[in-house]
Amino acid sequence: MATSGLYPQTKVLSRSFDVKDGHTLAVARERGAYQALEKALKMTPAQLVDEVKKSRLRGRGGAGFPTGMKWSFVAKNTGKPTYLVLNADESEPGTFKDRYLMERDPHLVLEGCLITAWAIGASTIFVYIRGEYPRSIARMEKAMEEARAAGLVGKDILGSGFSCEAWVHPGAGAYICGEETGLLESIEGKRGHPRIKPPFPAVEGVFRCPTIINNVETLSHVPWIVLHGGDAFAKQGIAPDPANPRSNGTCGTKLMGVSGQVRTPGVWEFEPGITLRELVYGYGGGPLPGRKIKAVIPGGISMPVLLDHELDAKMGFDELVKAGSGLGTACAIVMDDSCDMVDASVNIAHFFAHESCGQCTPCREGCHWMEKVLHRIADGDGQPSDLDLLEGMFKSIEGRTICALADAAVWPVRSIVRKFRAEFLARMQPAPAPAGA
Amino acid sequence: MTPPTGDERAVTRRDQNQAPARGTRGAGPEGAPPGARKGPAAPAAAAAPTDDVTKVAPPAPGATVRKSAPAAPKPPVPAAFPPPELRAECEALVARYPERQAALIPVLHLAQRRLGGWISPELEAGIAAWLGVPDQHVRGVLTFYTMFNTKPVGRHHVQVCRTLSCWLRGSKDLLGAIERKTGLRPGQTDAERKFTVTEVECLGLCEVAPALFVNDDAHVNLTPAAVEKLLDGCK
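What counts, and where the lines are drawn
- Residues numbered from 1 in each chain as written.
- Chains lettered and ligands numbered in written order.
- Predicted model: local features only at pLDDT ≥ 70, side-chain atom pairs only at ≥ 80, totals over all residues.
- Helix = DSSP H or I, 4+ residues; strand = E, 2+ residues; numbered from the N terminus.
- Rg over C-alpha atoms; globule rule 2.2 N^0.38 Å.
- Buried ≥ 20, exposed ≤ 12 C-beta atoms within 10 Å, placed from the backbone.
- Contact = placed C-beta atoms within 7 Å.
- Axes fitted to C-alpha atoms, helices over the stretch in contact; angles between N-to-C directions.
- Parallel < 35°, antiparallel > 145°, perpendicular 65-115°, else oblique.
- Left-handed = near helix turned anticlockwise from the far one by under 90°.
- Nonpolar A, V, L, I, M, F, W, Y, C, P; charged D, E, K, R; others polar.
- Pairing = 2+ DSSP bridges.

1. Overview of the overall build of chain A
Item 1. Along the backbone of chain A there are 18 helices and 11 strands.
Item 2. Scaling as 2.2 N^0.38, a compact globule of 437 residues should have a C-alpha radius of gyration of about 22 Å, and chain A matches this with 23 Å.
Item 3. Once the C-alpha set of chain A is aligned to its principal axes, its extents read approximately 90 × 50 × 45 Å.
Item 4. Expressed as a percentage of its 437 residues, the buried residues of chain A come to 56%.
Item 5. Pairs at least 24 apart in sequence give 71% of the contacts found in chain A among residues at least 6 apart.

Take a look at the structure:
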């Protein structure tokens, strides 16, 4: 495919992805790392929070909460230390963008963390990386070591009087620890059971102290915002919808990925405005030879599927919600016409049944039950009434639990059951003949 | 002394359940639950079996029937932890956190990697004692996180991703190749403890699917033939 017709890439976060030894401090500094930190330490924390508010930066972990607003919630003058936790538990299936950042530009990630720590008044940073990312863990630890030796982490950073420590805390294989309060429990050395909110982490987080938790990609944007200003960031991407006062747009740049049944899976960075179709067909290379695209989940595994004719929605927070799905992590999973949607739904339901933490009954029981019914259909033992049974389950699971894992289990499965009903019915037994016939 | 009947005991229990919480309206000093819990109920329950022994009456509906308890498993002898070669690293991990318990997951990782590939009951008890947390807490954490092995694993722990992106690119075929080569299905370890095969959820290697880990090393863009070759290379 000719590259000239493609939506243009904008490499901000990904500018060092292909640079040799870009993960080392020497190369990173040559490329401008820690200049933003120097500038930020001369600003006041309040100025920084304002700048990030102006930028309209929204959380890149999936929920899209405005970052500056989150920072402003941090409880002050509590007499307790404040913590910054970097959520690098990228356990959402189909998502690998944060791994690229941590492996290829760990100093950008660390710089973003240090600026944020200064802005919120934190003196300790915990970077919670999933255990399945041994290289990310090694690269981040090495980056911290190098930065510590260069006076960028630890006591009196760059002579500013600001002191901050940074540590990696490894996870150990639990999807639920990507949920922010589950993650906090995990740092405290417990099972990753999400907490009831409120109190929100900004008031009472890890070790019962005020805590801000942000995604890797979110904080990697902060150095650019410090150097170029919040307004410049807000000008990029999709502006907020003026007709909707609650809209925050999708500003700045965004890492987007494609995986599954496409020719060239990968991750790229754009100013939002690219459509899902341009992403999947243009950058993802389109379907494998001789195949057609059947369904796409736009972000991770936890969003509803979109059909081929629904792919013209832009990759933005509000735009994909309008299209009946969600941006999620902006890493799309593509299924082609060789994919059996009944089997795909079993695969998805199994994931959530396995990863449910077991705390809330609707999720613990519901996800397993959902998987069993789908399995029964896949085995050819289903009845048409099973589809009604599933609909009933969706209602009793969604929105009835402490965290959003249960919702995330329902959304993709429900959309598959509804959009591919014929495939489910075709797998079922013919109705039993009435007695005496 | 009249032995209490089952009915009386039931009343006692109901009263406990209905007693309003401390501090709520209607809870006088006498009606507070703490006294009710330890007061009459305990000696009554203790007295009941001795007096009823000769009657062999059927238990009252809802009463708990006591069977002789199965022999409790022997608690493991805690291993000496940390061993001298890990002491400095373990102390450094604990020093990062304001609470010792917070070092549990990093310490378990370290112990598993350096002390035989799995967390034995003895090691588990040793870590619990050293961190000053209950054994049960460590057990809870061990069983919650899938990366901790509570059984011995082979020298080569093959972890195959089964989640959507890898599944779409043929992770099932990889498992087939592994079974042909080693005779092992997910969850199994061979007798020589050369291989353990595990099916795992998303490894975050979706753009280079299908993928698997052998111990800490990622292998990506695999085909069944490539997996067979990979396993041949494992000594």
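2. Describing the packing of helix 6 (residues 121-131) of chain B against helix 7 (residues 135-144) of chain B
Two numbers describe a pair of packed helices, the interaxial angle and the distance between the axes.
Residue and element names in this part refer to chain B.
Item 1. Two numbers describe how helix 6 lies on helix 7: the axes approach to 8 Å, and their chain directions differ by 120°. Judged by the angle between their axes, helix 6 and helix 7 are oblique. The chirality of how helix 6 crosses helix 7 is right-handed. In this structure, helix 6 contributes E124, A125, I127 and A128 to the contact, and helix 7 contributes D135, V138, R139 and L142.
Item 2. Looking at the contact of helix 6 with helix 7 residue by residue, the class counts come to 5 nonpolar, no polar and 3 charged.

3. A few points about the sheet that holds strand 4 (residues 211-215) of chain A
All names here are of chain A.
Item 1. Read from one edge of the open sheet, 4 strands run 3-2-1-4, paired in parallel fashion. Among the strands making up the open sheet, the edge pair consists of strand 3 (165-170) and strand 4. Strand after strand, the sheet turns through a mean of 20° between neighbouring axes, direction not considered.
Item 2. As paired strands, strand 1 (residues 83-88) and strand 2 (residues 124-129) are joined by 6 bridges and run parallel to one another. By the bridge assignment, Y83 is partnered in strand 2 with T124.

4. A short note on the pairing of strand 8 (residues 266-270) of chain A
Looking down a regular strand, the side chains alternate between one sheet face and the other.
Residue and element names in this part refer to chain A.
Item 1. Relative to strand 8, strand 7 (residues 254-260) runs antiparallel, the two sharing 5 bridges. Bridge pairing in strand 8 places L255 opposite E269.
Item 2. Hairpin connection, strand 7 to strand 8: the antiparallel pair is bridged by 5 residues.

5. Some remarks on unusual backbone geometry
Item 1. A:P198 follows A:K197 through a cis peptide bond whose omega is -5°.
Item 2. Inspection of the secondary structure assignment puts A:P198 in the loop between helix 8 (180-187) and strand 4.
Item 3. Despite not being glycine, B:R193 shows a phi value in the positive range, around 55°.
Item 4. Mapped onto the fold, B:R193 is located in the loop between helix 9 (171-182) and strand 2 (195-200).
Item 5. Taking the number of C-beta atoms within 10 Å as the measure of exposure, B:R193 has 13 and is therefore partly exposed.
Item 6. Notably, B:N215 is not glycine yet its phi reads approximately 50°, a positive angle.
Item 7. Mapped onto the elements, B:N215 comes out in the loop between strand 3 (212-214) and strand 4 (217-219).

6. Observations concerning the interface of chain B and chain A
Accessible area lost during the coming together of the parts is what is often quoted as the interface size.
Item 1. Taken together, the 31 residues of chain B in the interface contact 42 residues of chain A.
Item 2. Mapped onto the side of chain B that touches chain A, the elements with two or more residues apiece are helix 5 (104-114), helix 7 and helix 8 (164-168) of chain B.
Item 3. Considered class by class, the residues forming the side of chain B that touches chain A number 19 nonpolar, 7 polar and 5 charged.

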